[in-house]
Amino acid sequence: MSLATRRPAPLAALTALLAVGLLAATAATEASAAGLVAPLSECKAQKNIKAPEREQEDAMRCLINYARSHSGSGSLGASRSLERAAGQKSGDVMQCGFSHTACGRPADLYARRYGYASASSWAWGENLAVGRGKRGSARKVMKAWLHSPPHRDAMLRGSFDDAGIGLKRGRFSGHRNMAVWVLELGCQGCG
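What counts and what doesn't
Residues numbered from 1 in each chain as written. Predicted model: local features only at pLDDT ≥ 70, side-chain atom pairs only at ≥ 80, totals over all residues. Heavy atoms only, no water. Pairing = 2+ DSSP bridges. Helix = DSSP H or I, 4+ residues; strand = E, 2+ residues; numbered from the N terminus. Contact = heavy atoms within 4.5 Å. Axes fitted to C-alpha atoms, helices over the stretch in contact; angles between N-to-C directions. Buried < 20%, exposed > 50% of the residue type's maximum accessible area, 1.4 Å probe, protein only. Phe/Tyr/Trp six-rings, centres within 6.5 Å; stacked < 30°, edge-to-face > 60°. Core = buried A, V, L, I, M, F, W, Y, C linked by side-chain atoms within 4.5 Å.

Observations concerning the sheet that holds strand β3 (residues 162–172)
Stage number 1. Ordered by their spatial adjacency, four strands build an open sheet running β1-β3-β4-β2, and the pairing between neighbours is mixed. Only two strands of the sheet have a single partner each, and these edge strands are β1 (77–78) and β2 (122–132).
Stage number 2. Bridge count for β2 against strand β4 (residues 175–188) is eleven bridges, and the pairing is antiparallel. In the strand pairing of β4, Glu-126 is matched with Glu-184.
Stage number 3. Contacts from helix α7 (residues 149–156) reach β2 and β4, with the element oriented near 130° to β2.

And the structure:
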C-alpha cells in the first residue's frame with residue numbers, strides 16, 4: 001500500500017496538486033535553463049575533455065558569459081585573484097574531497113589570501129562540480145549548474161562582476177578520468 005492511499009482524501013489531493021506544481025516548476029526551470037546554454041558553435045572546447053585545461057576553462061567562461069548575457073546580467077571579467085583562488089581550491093577539492101571547505105579550510109580562504117578581499121567592501125560566491133569523463137566537460141557542468149537553482153542564481157547574480165575558474169583533471173575519490181570544477185565569483189566595492 002502506498003502512502004498516498006493511507007492519507008485522508010483532502011491530503012492526498014493536496015499532495016497530488018503539490019506534485020503537479022513541482023513538476024511544472026521543474027519543467028519551467030529546465031526550459032529557462034535550456035535557453036541559457038550556448039550553441040555548440042559558440043564556445044570552443046566546451047565538449048572536448050581532452051583539450052588543455054586552460055582551453056576548457058576558457059570554454060566555461062564563454063558558456064557562463066553567454067548565459068549571463070542571455071539572462072540580462074553583464075559579462076564577468078577575469079580576476080587574477082579569483083583565478084588563483086579557483087586554481088588552488090580545485091586542487092584542494094581533488095586532494096581532500098568534494099566540499100566548499102575542502103581540506104578543512106574556510107571556503108573563502110583563497111579569495112582572501114590572494115587579495116580579492118582587500119577592497120573596503122566585497123562579496124563572494126562559489127560553485128563546485130565534479131564529473132567523470134564526458135560528464136566533466138564544461139558543457140555538461142554548465143547544464144548541471146543551470147538546472148540547480150542555487151548554482152544558477154550565483155552564476156547569474158547581477159552584482160557579481162568578476163570570476164575565476166579552476167579545473168583539475170585526474171584521479172578523484174578512487175575514480176580515474178575525473179574533472180573538478182571551481183567557479184569563484186565576486187564583486188569589489190559592491191556594498
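Regarding unusual backbone geometry
Stage number 1. Located in the positive-phi region is Ala-45, a residue other than glycine, with phi close to 70°.
Stage number 2. Mapping Ala-45 onto the fold places it in the loop between α2 (9–34) and α3 (53–71).
Stage number 3. The exposure class of Ala-45 is buried, given its relative accessible area of 15%.
Stage number 4. A positive phi angle, near 60°, is found at Asn-177, a position not held by glycine.
Stage number 5. Of note, Asn-177 is situated in strand β4.

Quick word on the packing of aromatic side chains
Stage number 1. Tallying each qualifying case throughout the model produces two aromatic pairs.
Stage number 2. On the basis of an interplanar angle of 80° and a centroid distance of 6.4 Å, the ring pair of Tyr-116 and Trp-122 is categorised as edge-to-face.
Stage number 3. Overall, Tyr-116 belongs to the buried group, its relative accessible area being 1%.
Stage number 4. Since its relative accessible area comes to 22%, Trp-122 is described here as partly exposed.

What to know about the nonpolar core
Stage number 1. The biggest cluster of nonpolar side chains holds 32 residues, and the ones touching the most others in it are Met-60, Ile-64, Met-142, Trp-145, Leu-146, Trp-181 and Leu-183.
Stage number 2. A total of six residues in this core trace back to one element, the largest contributor, which is α3.
Stage number 3. The residues contacting Leu-146, other than those within four sequence positions of it, are Ala-33, Leu-36, Val-37, Ala-67, Arg-152 and Met-155.
Stage number 4. Formed by nine residues, the second largest nonpolar core is a distinct cluster that contains Ala-86, Val-93, Leu-128 and Val-182.

By themselves, these observations are geometric and do not establish any function.
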